[in-house]
There are 2 protein chains.
Amino acid sequence: MEKKKNDDGKWRVLSSEYLFREPWFTVRHESVELPTGSRIPDYYVLEYPEWVCVLAVTTDRRFVFVRQYRHGSGHTSYELCAGVCEPEDGTPLVSARRELLEETGFGGGDWSEYMVLSANPGTHSNMTHCFLAIGVEPVSDRHLDVTEDLSVHLLSLDEVRDLLKSGAIEQALHAAPLWRYMAENKLM
Amino acid sequence: MEKKKNDDGKWRVLSSEYLFREPWFTVRHESVELPTGSRIPDYYVLEYPEWVCVLAVTTDRRFVFVRQYRHGSGHTSYELCAGVCEPEDGTPLVSARRELLEETGFGGGDWSEYMVLSANPGTHSNMTHCFLAIGVEPVSDRHLDVTEDLSVHLLSLDEVRDLLKSGAIEQALHAAPLWRYMAENKLM
């Protein structure tokens, strides 16, 4: 397989303007030209800060999940703990540790960046940093934002396997690290 | 693990209006109320048609990938063949077979729906139907849209493993079915 740079085929931006610059909704409208000479007059890029999620396993081998309603899909489901990198966090690791602590009260353990994924690289400017946190423990109370309404669930390996096989993990950004964990640890 | 309905915690929509209804960009602005009584005055839902992707394996055990530039992330990378369900397709399976044929010229084989995922259920109204197509063969020329600029790559299992391990598969909607395939077939 030929080694390539990671921006071959890059498009040329002919014009660019912001349609929205709200805290949770920043959209750029661009007119672009492909290397083939084709033009796309109306292309929309969604700008977000970097995101994080955490595949956290407790000292007694439970997997830390949250359950919450998601208004885009209209579905409520089990997910990994996840959130947004705040400017004051400095690094995605700090953001991920903060989110796990705030949403679930768990901390400690050995942390490593496991995967860097995009929700959709066609439209999203940002990446999601997925961390693996092994050996976490309950260390504090939860501190939810007023607009967060979620419950914490400590699931066994069998329960996580059942969720994955039944298709209950719909969020692709969370399904990917969970299936990777199953593949690399030969757990399926 | 307690069995639950899949919409517990659903939000109440207080007002809803379309900000955009363009072919590739349809956005709803809503004001919502959570079961806790908290309100979110500005929530944005991105409406898209259903999407498809295909994990296709040829009769001689090569994996069918495409390589293309993605303007949201600014990265060019290997991806599964993917696309949008057109109304005339009727079912996601028809859309997925059409996309594989148009983008790569491959067809035939045994098809099954492998996963149904969301790029981000917080914001996206649609789901992505990931198909597994085993035993595909070259059956026709490619027919790309004028705005499509992608190359086809038939990769060995070792090459796919290397892409996955090195983090080169950034698209979460494609990383999830690929890691699932590795997990269930014990290939890592």
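One structure accompanies this document, and this report is about it. A quick note: this is a predicted structure, and the numbers were derived from the prediction, not measured.

### A closer look at the overall build of chain A
Of the regular secondary structure elements, chain A holds 3 helices and 10 strands. Along the three orthogonal principal directions, the C-alpha set of chain A runs to about 55 × 45 × 35 Å. When each of the 188 residues of chain A is scored for burial, the buried share is 56%. In chain A, once contacts between residues fewer than 6 apart in sequence are set aside, the share between residues at least 24 apart is 58%.

### Focus: the interface of chain A and chain B
Every contact between the two is made by 76 residues of chain A and, on the other side, 76 residues of chain B. Surface buried jointly by chain A and chain B totals about 6,200 Å² across both partners, of which 61% is contributed by carbon and sulfur atoms. Linking chain A with chain B are 2 salt bridges. Between B:Asp8 and A:Arg67 there is a salt bridge, with its nearest N and O atoms 2.7 Å apart. The element best represented in the side of chain A that touches chain B is helix H3 (residues 172-184) of chain A, accounting for 9 residues.

### Quick look at the relation of the copies chain A and chain B
Between the two chain copies there is a screw-like relation: a rotation about an axis and a shift along it. Once chain A has been moved 0.0 Å along the axis and rotated by 180°, it coincides with chain B to within an RMSD of 0.0 Å. Viewed as a symmetry operation, the transformation between the two copies matches a two-fold axis. A high fraction, 100%, of the interface residues of chain A reappear at the interface in chain B, so the copies pair face to face through one surface.

How each quantity is defined
- Residues numbered from 1 in each chain as written.
- Chains lettered and ligands numbered in written order.
- Predicted model: local features only at pLDDT ≥ 70, side-chain atom pairs only at ≥ 80, totals over all residues.
- Heavy atoms only, no water.
- Helix = DSSP H or I, 4+ residues; strand = E, 2+ residues; numbered from the N terminus.
- Buried < 20%, exposed > 50% of the residue type's maximum accessible area, 1.4 Å probe, protein only.
- Contact = heavy atoms within 4.5 Å.
- Buried area = accessible area lost by both parts, 1.4 Å probe.
- Salt bridge = Lys/Arg side-chain N within 4 Å of Asp/Glu carboxyl O.
- Least-squares fit on C-alpha atoms with pLDDT ≥ 70 in both.

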